[in-house]
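A structural walkthrough
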Amino acid sequence: MTERTVVMEITRIEAAHMTTLITQFVDLLDSRDTAGDDPALRRITPDGYADDAHAAAEFRAMTENDLLDRRRVDAGVVLSRLREPATLPDRPTDAVLRESIAVTLPPDEVDAWLRTLAAVRLVLAERLGVFDGAPDDGAEEDPRFGVYEWLGYRLDGLVAVVDDPRP
């Protein structure tokens, strides 16, 4: 956990898009029982044992629900910070959409942001076929790839602030 408050500057439209993505992420988490064996859910709940299928299945059975519950809680933390700045008027102007806002992340919420943005990015990576940092053929042409990269940019910026040794 970081010990500093982080202020993230984003535009209102970014906040609205991030809110939509994280709401969809929560919907995915909530659909676990109906989604079956969704590869995106498996990607955010990795196997504990790569070389032992039986041990991996036991590990998953013992940890998956708690991990998904933690992801729900983390996403709720992020959504609670985004809801107000992400609210847009019915017919927002370009100026309103591009307006920069400051989202203040108290020290005890920063890790939830890091975990949530990383998990949403992993879901997108699964949907796009991005493995080991390399996208499948054609993935870069998919409009979602820009969202994947934007989340990476935001995540990288947040990590840089948290890792910065300056007070």
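Okay, so let's go over this structure. Predicted model only: the values in this text are computed from it and were never measured. (Residues numbered from 1 in each chain as written. Predicted model: local features only at pLDDT ≥ 70, side-chain atom pairs only at ≥ 80, totals over all residues. Heavy atoms only, no water.)

1. Let's talk about the environment of Gly 76
This is how it is decided: To qualify as a helix, a DSSP run of H or I must reach at least 4 residues; to qualify as a strand, a run of E must reach at least 2; elements of each kind are numbered from the N terminus. Partly exposed describes any residue whose relative accessible area lies between the buried limit of under 20% and the exposed limit of over 50%, with all areas from a 1.4 Å probe on protein chains only and scaled to the type maximum.
Note that Gly 76 resides in helix 4 (residues 53–86). Under the relative-accessibility criterion, Gly 76 is labelled partly exposed at 35%. Note: C-alpha distance between Gly 76 and Ala 16 (60 residues apart in sequence) is 15 Å.

2. Some remarks on the pairing of strand 2 (residues 100–105)
Across a regular strand the side chains alternate sides, sitting on one face of the sheet and then on the other. We apply this condition: Being paired, for any two strands, means DSSP has found at least two bridges between them.
Burial along strand 2 is one-sided: Ile 101, Val 103 and Leu 105 are buried, and none of Ser 100, Ala 102 and Thr 104, which face the opposite way, are. Where strand 1 (residues 6–11) and strand 2 come together, six bridges link them in antiparallel fashion. Across the sheet, residue Val 6 finds its bridge partner in strand 2, namely Leu 105.

3. A word on helix 6 (residues 107–128)
Keep this limit in mind: To estimate how far a helix should reach, multiply one less than its number of residues by 1.5 Å.
The terminal C-alpha atoms of helix 6, which comprises 22 residues, lie 32 Å apart, in line with the 32 Å expected from a rise of 1.5 Å per residue. Phi turns positive one or two residues past the end of helix 6, at Gly 129, with a value near 80 degrees.

4. Remarks on the side chain of Arg 154
Keep this limit in mind: Residue contacts are counted whenever heavy atoms from the two residues lie within 4.5 Å of one another.
On the secondary structure map, Arg 154 appears in helix 7 (residues 143–163). What Arg 154 contacts, discounting residues up to four positions off in sequence, is Met 8, Glu 9, Ile 10, Glu 14 and Met 18.

5. With respect to the pattern of salt bridges
When the charged atoms of two side chains lie near each other, side chains of opposite charge can form a pair. Quick note on the threshold: In the sections that follow, a salt bridge refers to a side-chain nitrogen of Lys or Arg positioned within 4 Å of a carboxyl oxygen of Asp or Glu.
Using the criterion set out here, one finds 15 salt bridges in the structure. The salt bridge involving Asp 47 is made with Arg 42; its shortest N-O contact spans 3.8 Å. Owing to a relative accessible area of 32%, Arg 42 belongs among the partly exposed residues under this scheme. For Asp 74, the salt bridge is made with Arg 115, and the minimal N-O distance between the two is 2.6 Å. Here Asp 74, found in helix 4, pairs with Arg 115, found in helix 6; they are 41 residues apart in sequence, far enough to count as distant.

6. Examining the packing of helix 1 (residues 12–30) against helix 6
Cut-off, in case you're wondering: The axes used here are C-alpha line fits, helices contributing only the stretch in contact, and every angle between their N-to-C directions lies in the interval 0 to 180 degrees. Our angle categories are set so that under 35 degrees counts as roughly parallel, over 145 as roughly antiparallel, 65 to 115 as roughly perpendicular, and the remainder as oblique. The residue classification treats Ala, Val, Leu, Ile, Met, Phe, Trp, Tyr, Cys and Pro as nonpolar and Asp, Glu, Lys and Arg as charged. All others, Gly included, are polar.
Interhelical geometry of helix 1 versus helix 6 gives an angle of 75 degrees and a closest axis separation of 11 Å. Between helix 1 and helix 6, the interaxial angle falls into the category roughly perpendicular. Here helix 1 contributes Met 18, Leu 21, Ile 22, Phe 25 and Leu 28 to the contact with helix 6, which in turn contributes Trp 113, Thr 116, Leu 117, Ala 119, Val 120, Val 123 and Arg 127. In terms of residue class, the contact of helix 1 with helix 6 is built from ten nonpolar, one polar and one charged.

7. Focus on the packing of aromatic side chains
To be explicit about the condition: Aromatic pairing here means that ring centres of Phe, Tyr or Trp (its six-membered ring) are within 6.5 Å. Orientation follows from the plane angle: under 30 degrees is stacked, over 60 is edge-to-face, and everything else is tilted.
Inspection of the entire model under this criterion finds two aromatic pairs. Ring centres of Tyr 49 and Phe 59 lie 6.0 Å apart, and the angle between their planes is 90 degrees; on these two criteria the pair is classed as edge-to-face. Remark: Phe 59 occurs in helix 4 and Tyr 49 occurs in the loop between helix 3 (39–44) and helix 4; sequence separation between them is ten residues. According to the relative accessible area criterion, Phe 59 is partly exposed, its value standing at 31%.

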